[in-house]
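Structure at a glance
Letter by letter, the chains look like this.
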Amino acid sequence: MDNSAPIVLFTYNRIEHTKRTLDALKSNIGATNSTLLIFSDGPKSDIDKTRIIALRSYLKSISGFRKVEIIERDQNLGLSRSIISGLSEIFSIYDKAIILEDDLVTSKYFLKYMNEALNIYSKETDVISIHGYIYPVKEILPETFFLKGADCWGWATWKRGWDLFEKDGEMLLQKLHKEKLFNEFNFKGYGPFKRMLNDQIAGKNDSWAIRWYASAFLQNKYTLYPGTSLVQNIGNDSSGTHSGSTQIYDSLVKVTPIHLKKIRIVEAPKVRNALTNYFKSNSSLKRRIATKIYELLH
(Lines give C-alpha, C1' and ligand atoms only; values in the text may rest on other atoms or scores of the structure.)
Protein backbone atom coordinates (compact mmCIF):
# COMPACT_ATOMS: atom_id res chain seq x y z
CA MET A 1 0.00 0.00 0.00
CA ASP A 2 2.82 2.39 -0.86
CA ASN A 3 0.30 4.41 -2.88
CA SER A 4 -2.04 4.82 0.10
CA ALA A 5 -4.43 7.75 0.06
CA PRO A 6 -4.18 10.21 2.95
CA ILE A 7 -6.84 9.80 5.64
CA VAL A 8 -8.71 13.00 6.48
CA LEU A 9 -10.44 13.03 9.88
CA PHE A 10 -12.81 15.78 11.00
CA THR A 11 -13.17 16.29 14.76
CA TYR A 12 -14.94 18.63 17.13
CA ASN A 13 -15.19 18.10 20.90
CA ARG A 14 -16.04 14.42 21.56
CA ILE A 15 -12.82 12.94 22.88
CA GLU A 16 -14.21 9.48 23.73
CA HIS A 17 -15.76 9.03 20.30
CA THR A 18 -12.58 10.28 18.66
CA LYS A 19 -10.49 7.82 20.65
CA ARG A 20 -12.68 4.91 19.56
CA THR A 21 -12.50 6.10 15.95
CA LEU A 22 -8.71 6.40 16.05
CA ASP A 23 -8.17 3.15 17.97
CA ALA A 24 -10.08 1.29 15.25
CA LEU A 25 -8.26 3.17 12.51
CA LYS A 26 -4.84 2.38 14.03
CA SER A 27 -5.77 -1.31 13.95
CA ASN A 28 -6.42 -1.16 10.22
CA ILE A 29 -4.21 -3.03 7.80
CA GLY A 30 -2.20 -0.30 6.09
CA ALA A 31 -2.47 2.32 8.83
CA THR A 32 1.29 2.51 9.30
CA ASN A 33 1.68 3.37 5.60
CA SER A 34 -0.95 6.12 5.74
CA THR A 35 -0.73 9.85 6.35
CA LEU A 36 -3.39 11.08 8.79
CA LEU A 37 -4.62 14.66 8.44
CA ILE A 38 -6.87 15.82 11.28
CA PHE A 39 -9.07 18.91 11.08
CA SER A 40 -9.95 20.14 14.58
CA ASP A 41 -12.82 22.62 14.50
CA GLY A 42 -12.82 25.61 16.83
CA PRO A 43 -15.10 26.16 19.87
CA LYS A 44 -18.59 27.64 20.03
CA SER A 45 -18.40 28.32 23.78
CA ASP A 46 -16.07 28.23 26.77
CA ILE A 47 -17.25 24.72 27.60
CA ASP A 48 -16.43 23.62 24.06
CA LYS A 49 -13.05 25.33 24.35
CA THR A 50 -12.14 23.24 27.41
CA ARG A 51 -13.16 20.04 25.65
CA ILE A 52 -11.32 20.95 22.48
CA ILE A 53 -8.12 21.76 24.39
CA ALA A 54 -8.27 18.28 25.94
CA LEU A 55 -9.02 16.70 22.56
CA ARG A 56 -6.12 18.48 20.87
CA SER A 57 -3.76 17.41 23.62
CA TYR A 58 -4.79 13.81 22.97
CA LEU A 59 -4.46 14.22 19.19
CA LYS A 60 -0.86 15.34 19.59
CA SER A 61 -0.06 11.96 21.17
CA ILE A 62 -1.37 9.93 18.21
CA SER A 63 1.03 7.42 16.67
CA GLY A 64 0.65 4.37 14.44
CA PHE A 65 0.57 6.23 11.14
CA ARG A 66 3.29 7.20 8.71
CA LYS A 67 2.65 10.87 9.46
CA VAL A 68 0.12 12.82 11.52
CA GLU A 69 -0.73 16.45 10.84
CA ILE A 70 -3.29 18.43 12.88
CA ILE A 71 -5.00 21.48 11.39
CA GLU A 72 -6.45 23.51 14.26
CA ARG A 73 -9.21 26.00 13.49
CA ASP A 74 -9.33 29.08 15.72
CA GLN A 75 -13.03 29.69 15.04
CA ASN A 76 -15.96 27.30 14.84
CA LEU A 77 -16.87 26.53 11.25
CA GLY A 78 -19.46 23.87 11.94
CA LEU A 79 -19.39 20.44 10.34
CA SER A 80 -20.55 21.48 6.87
CA ARG A 81 -18.12 24.38 6.40
CA SER A 82 -15.34 22.41 8.06
CA ILE A 83 -15.70 19.52 5.63
CA ILE A 84 -16.26 21.59 2.48
CA SER A 85 -13.34 23.95 3.16
CA GLY A 86 -11.13 21.19 4.53
CA LEU A 87 -11.57 18.95 1.50
CA SER A 88 -11.00 21.87 -0.86
CA GLU A 89 -7.67 22.41 0.91
CA ILE A 90 -6.80 18.72 0.77
CA PHE A 91 -7.56 18.38 -2.93
CA SER A 92 -5.39 21.37 -3.74
CA ILE A 93 -2.51 19.13 -2.60
CA TYR A 94 -3.59 15.49 -3.05
CA ASP A 95 -5.35 13.72 -5.91
CA LYS A 96 -7.30 11.32 -3.66
CA ALA A 97 -8.30 10.97 -0.02
CA ILE A 98 -10.18 8.81 2.48
CA ILE A 99 -12.59 10.79 4.65
CA LEU A 100 -13.88 10.05 8.15
CA GLU A 101 -15.63 11.88 10.97
CA ASP A 102 -14.97 11.46 14.67
CA ASP A 103 -17.82 9.02 15.33
CA LEU A 104 -17.07 6.35 12.72
CA VAL A 105 -15.55 3.07 13.89
CA THR A 106 -14.04 1.03 11.08
CA SER A 107 -13.30 -2.60 10.37
CA LYS A 108 -9.59 -3.41 10.22
CA TYR A 109 -10.10 -4.03 6.49
CA PHE A 110 -11.55 -0.57 5.81
CA LEU A 111 -8.33 1.08 4.58
CA LYS A 112 -7.43 -1.95 2.48
CA TYR A 113 -10.79 -1.84 0.74
CA MET A 114 -10.65 1.92 0.23
CA ASN A 115 -7.14 2.01 -1.21
CA GLU A 116 -7.67 -0.99 -3.48
CA ALA A 117 -10.93 0.42 -4.82
CA LEU A 118 -9.41 3.89 -5.33
CA ASN A 119 -6.71 2.28 -7.45
CA ILE A 120 -9.03 -0.04 -9.40
CA TYR A 121 -11.45 2.73 -10.38
CA SER A 122 -9.01 5.65 -10.57
CA LYS A 123 -9.48 6.10 -14.33
CA GLU A 124 -13.22 5.42 -14.37
CA THR A 125 -14.79 8.88 -14.48
CA ASP A 126 -18.29 7.44 -14.01
CA VAL A 127 -17.23 6.43 -10.49
CA ILE A 128 -17.28 9.43 -8.16
CA SER A 129 -16.48 7.75 -4.84
CA ILE A 130 -16.00 4.66 -2.69
CA HIS A 131 -18.13 4.10 0.41
CA GLY A 132 -17.61 1.95 3.50
CA TYR A 133 -21.06 1.92 5.13
CA ILE A 134 -24.23 0.19 3.97
CA TYR A 135 -27.63 0.31 5.64
CA PRO A 136 -28.72 -2.77 7.64
CA VAL A 137 -31.04 -4.18 4.98
CA LYS A 138 -32.57 -7.64 5.40
CA GLU A 139 -31.51 -8.93 2.00
CA ILE A 140 -28.13 -10.53 1.23
CA LEU A 141 -26.19 -8.15 -1.00
CA PRO A 142 -23.36 -8.69 -3.51
CA GLU A 143 -19.77 -8.39 -2.27
CA THR A 144 -19.56 -4.97 -3.94
CA PHE A 145 -22.01 -2.99 -6.06
CA PHE A 146 -22.74 0.46 -7.44
CA LEU A 147 -25.47 2.95 -6.61
CA LYS A 148 -26.03 6.28 -8.31
CA GLY A 149 -25.05 9.23 -6.15
CA ALA A 150 -22.58 9.57 -3.29
CA ASP A 151 -22.51 8.99 0.46
CA CYS A 152 -20.81 10.17 3.62
CA TRP A 153 -20.14 7.66 6.44
CA GLY A 154 -16.57 6.54 5.73
CA TRP A 155 -15.82 7.32 2.10
CA ALA A 156 -13.13 8.17 -0.40
CA THR A 157 -12.89 10.12 -3.60
CA TRP A 158 -10.47 11.67 -6.05
CA LYS A 159 -9.91 15.36 -6.80
CA ARG A 160 -11.89 14.84 -10.00
CA GLY A 161 -14.81 13.62 -7.87
CA TRP A 162 -14.80 16.44 -5.34
CA ASP A 163 -14.54 18.97 -8.17
CA LEU A 164 -18.13 18.01 -9.06
CA PHE A 165 -19.49 19.03 -5.65
CA GLU A 166 -22.16 21.75 -5.93
CA LYS A 167 -22.82 23.65 -2.69
CA ASP A 168 -25.88 25.52 -4.00
CA GLY A 169 -28.79 23.42 -2.70
CA GLU A 170 -31.42 25.52 -4.49
CA MET A 171 -29.75 24.87 -7.83
CA LEU A 172 -29.68 21.13 -7.12
CA LEU A 173 -33.35 21.16 -6.13
CA GLN A 174 -34.38 22.97 -9.31
CA LYS A 175 -32.49 20.46 -11.47
CA LEU A 176 -34.13 17.51 -9.71
CA HIS A 177 -37.56 19.07 -10.31
CA LYS A 178 -36.79 19.97 -13.92
CA GLU A 179 -35.55 16.50 -14.77
CA LYS A 180 -38.36 14.83 -12.75
CA LEU A 181 -35.90 12.72 -10.76
CA PHE A 182 -37.31 12.95 -7.24
CA ASN A 183 -38.93 9.51 -7.31
CA GLU A 184 -35.58 7.87 -8.01
CA PHE A 185 -33.58 10.31 -5.88
CA ASN A 186 -35.79 9.65 -2.85
CA PHE A 187 -36.28 5.88 -3.24
CA LYS A 188 -39.94 6.07 -4.33
CA GLY A 189 -40.70 8.61 -1.64
CA TYR A 190 -39.55 6.46 1.29
CA GLY A 191 -36.05 7.93 1.73
CA PRO A 192 -35.11 11.00 3.79
CA PHE A 193 -33.27 12.76 0.99
CA LYS A 194 -35.86 15.09 -0.56
CA ARG A 195 -36.76 16.43 2.86
CA MET A 196 -33.09 16.84 3.75
CA LEU A 197 -32.45 18.94 0.66
CA ASN A 198 -35.52 21.09 1.26
CA ASP A 199 -34.49 21.57 4.90
CA GLN A 200 -30.95 22.50 3.89
CA ILE A 201 -32.28 25.19 1.57
CA ALA A 202 -34.64 26.45 4.30
CA GLY A 203 -31.78 26.62 6.82
CA LYS A 204 -33.22 23.86 9.01
CA ASN A 205 -30.05 21.84 8.57
CA ASP A 206 -26.61 22.60 7.19
CA SER A 207 -26.02 19.27 5.48
CA TRP A 208 -23.07 19.08 3.14
CA ALA A 209 -23.83 15.39 2.57
CA ILE A 210 -27.23 15.87 0.91
CA ARG A 211 -25.59 18.27 -1.55
CA TRP A 212 -22.80 15.76 -2.19
CA TYR A 213 -25.38 13.04 -2.90
CA ALA A 214 -27.44 15.31 -5.17
CA SER A 215 -24.35 16.61 -6.99
CA ALA A 216 -23.27 13.08 -7.89
CA PHE A 217 -26.80 11.86 -8.63
CA LEU A 218 -27.57 14.66 -11.08
CA GLN A 219 -24.36 14.01 -12.99
CA ASN A 220 -25.06 10.27 -13.27
CA LYS A 221 -22.04 9.31 -11.20
CA TYR A 222 -21.76 6.13 -9.17
CA THR A 223 -20.40 5.08 -5.80
CA LEU A 224 -19.00 1.65 -4.98
CA TYR A 225 -20.39 0.05 -1.80
CA PRO A 226 -19.56 -3.11 0.15
CA GLY A 227 -22.26 -5.74 0.66
CA THR A 228 -21.45 -5.78 4.38
CA SER A 229 -20.62 -2.57 6.21
CA LEU A 230 -17.03 -1.70 7.07
CA VAL A 231 -18.17 1.23 9.22
CA GLN A 232 -20.29 1.65 12.33
CA ASN A 233 -21.59 5.09 13.27
CA ILE A 234 -21.32 5.49 17.04
CA GLY A 235 -22.63 9.05 17.03
CA ASN A 236 -26.34 8.16 17.10
CA ASP A 237 -26.27 8.30 20.90
CA SER A 238 -27.35 11.88 21.68
CA SER A 239 -23.72 12.95 22.16
CA GLY A 240 -23.49 15.17 19.09
CA THR A 241 -24.18 18.88 18.96
CA HIS A 242 -27.69 18.35 17.54
CA SER A 243 -28.18 14.59 17.32
CA GLY A 244 -30.66 12.31 19.05
CA SER A 245 -30.51 8.60 19.67
CA THR A 246 -31.49 5.78 17.30
CA GLN A 247 -30.40 2.27 16.38
CA ILE A 248 -32.05 2.25 12.96
CA TYR A 249 -28.72 2.76 11.18
CA ASP A 250 -26.68 0.19 13.15
CA SER A 251 -24.98 -2.30 10.83
CA LEU A 252 -22.86 -5.33 11.59
CA VAL A 253 -19.24 -4.60 10.70
CA LYS A 254 -17.45 -7.00 8.39
CA VAL A 255 -14.74 -9.07 10.11
CA THR A 256 -13.23 -10.57 6.94
CA PRO A 257 -11.64 -8.80 3.98
CA ILE A 258 -13.58 -7.83 0.89
CA HIS A 259 -12.31 -9.54 -2.25
CA LEU A 260 -12.33 -6.70 -4.73
CA LYS A 261 -12.54 -7.18 -8.45
CA LYS A 262 -13.54 -4.71 -11.10
CA ILE A 263 -17.26 -4.89 -11.81
CA ARG A 264 -19.51 -3.28 -14.38
CA ILE A 265 -20.34 0.33 -13.52
CA VAL A 266 -24.13 0.14 -13.43
CA GLU A 267 -26.57 0.43 -10.58
CA ALA A 268 -27.63 -2.82 -8.93
CA PRO A 269 -31.48 -2.97 -9.09
CA LYS A 270 -31.56 -5.64 -6.38
CA VAL A 271 -29.78 -3.32 -3.97
CA ARG A 272 -31.95 -0.32 -4.84
CA ASN A 273 -35.01 -2.45 -4.11
CA ALA A 274 -33.46 -3.59 -0.81
CA LEU A 275 -32.84 0.00 0.24
CA THR A 276 -36.35 1.04 -0.78
CA ASN A 277 -37.72 -1.79 1.36
CA TYR A 278 -35.48 -0.73 4.24
CA PHE A 279 -36.74 2.87 4.18
CA LYS A 280 -40.31 1.69 3.72
CA SER A 281 -40.21 -0.86 6.53
CA ASN A 282 -39.81 1.70 9.31
CA SER A 283 -43.02 2.95 10.82
CA SER A 284 -44.03 6.51 10.01
CA LEU A 285 -43.11 7.85 13.48
CA LYS A 286 -39.86 5.91 13.68
CA ARG A 287 -38.89 7.07 10.21
CA ARG A 288 -39.55 10.72 11.04
CA ILE A 289 -37.39 10.50 14.16
CA ALA A 290 -34.60 8.65 12.37
CA THR A 291 -34.76 11.03 9.41
CA LYS A 292 -34.36 14.03 11.71
CA ILE A 293 -31.36 12.42 13.41
CA TYR A 294 -29.88 11.52 10.02
CA GLU A 295 -30.26 15.13 8.87
CA LEU A 296 -28.54 16.49 11.95
CA LEU A 297 -25.63 14.08 11.60
CA HIS A 298 -24.90 15.26 8.07
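Keep in mind it's a predicted model, so treat the numbers as computed, not measured. (Residues numbered from 1 in each chain as written. Predicted model: local features only at pLDDT ≥ 70, side-chain atom pairs only at ≥ 80, totals over all residues. Heavy atoms only, no water.)

What about unusual backbone geometry?
Rule in force here: Helix numbering and strand numbering both begin at the N terminus, where a helix is a DSSP run of H or I of at least 4 residues and a strand a DSSP run of E of at least 2.
Despite not being glycine, Lys 180 has its phi angle at roughly 55°, a positive value. Structurally, Lys 180 is set in the loop between helix H6 (169–178) and helix H7 (182–185). A positive phi angle is found at Lys 188, which is not glycine, with a value near 60°. On the secondary structure map, Lys 188 appears in the loop between H7 and helix H8 (193–202).

Notes on the pattern of salt bridges
Our working rule: Any Lys or Arg side-chain nitrogen found within 4 Å of a carboxyl oxygen on Asp or Glu counts as a salt bridge. To sort residues, take the accessible area from a 1.4 Å probe on protein chains only and compare it with the maximum for the residue type: under 20% means buried, over 50% means exposed, and anything in between is partly exposed.
This structure, assessed with the given rule, holds 13 salt bridges. Between Asp 163 and Lys 159 there is a salt bridge whose closest N-O contact spans 2.9 Å. With a relative accessible area of 34%, Lys 159 lands in the partly exposed category. A single network of salt bridges, built from pairs that share partners, joins Arg 14, Asp 102 and Asp 103.

Focus: the confidence of the model for the chain
Close reading of the predicted structure is inappropriate where its pLDDT is low. How we decide: On a range of 0 to 100, pLDDT expresses the predictor's confidence in each residue. Contacts between residues were defined by any pair of non-hydrogen atoms, one from each residue, lying within 4.5 Å.
Looking at the chain as a whole, the pLDDT averages 92, with 90% of positions reaching at least 70. Predicted confidence is poor over residues 240–244, with pLDDT under 50, and the contacts of this stretch with residues over four places away or in other chains come to twelve contacts.

As for the packing of aromatic side chains
Note the threshold: Pairing of aromatic side chains here covers Phe, Tyr and the six-membered ring of Trp, requires ring centres within 6.5 Å, and sorts the geometry by plane angle: under 30 degrees stacked, over 60 edge-to-face, intermediate tilted.
Per the counting criterion, the structure on display carries 23 aromatic pairs. Their ring planes at 40° and their centres at 6.2 Å tell us that Trp 155 and Trp 162 sit as a pair that is tilted. Among the residues examined, Trp 162 registers a relative accessible area of 6% and is labelled buried. Residues Trp 155 and Trp 212 carry aromatic rings whose centres are separated by 5.2 Å and whose planes lie at 40° to one another, so their mutual orientation is tilted. In this pair, Trp 155 is assigned in strand E8 (residues 155–158) and Trp 212 in helix H9 (residues 209–218), connecting sequence segments 57 residues apart. Here the two residues Trp 155 and Trp 212 agree in accessibility, since each one is buried.

Notes on H8
What counts here: It is the directions from the helix axis to the C-beta atoms whose arc is reported.
Of the positions making up H8, those classed as buried are Phe 193, Met 196, Leu 197, Asp 199 and Gln 200. All buried residues of H8 fall inside an arc of 165° around its axis, so they share one side. Phi for Gly 203, located one or two positions after H8, is positive at around 80°.

Notes on the environment of Ser 107
Stated precisely, the cut-off is as follows: In protein, a polar contact requires one atom able to donate a hydrogen and another able to accept it; more generally it is a pair of N or O atoms within 3.5 Å, and residues adjacent in sequence count only if both atoms are side-chain atoms.
With respect to the helices, strands and loops of the structure, Ser 107 is situated in the loop between strand E5 (104–106) and helix H4 (110–120). Taking the relative accessible area as the measure of exposure, Ser 107 reaches 4% and is therefore buried. Along the sequence, Ser 107 and Asn 28 sit 79 residues apart, while their C-alpha atoms lie 7.0 Å from each other. If we ignore the near neighbours within four places in the chain, the residues touching Ser 107 are Asn 28, Leu 230, Val 253 and Lys 254. A polar side-chain atom of Ser 107 sits 3.0 Å from the main-chain carbonyl oxygen of Lys 254.

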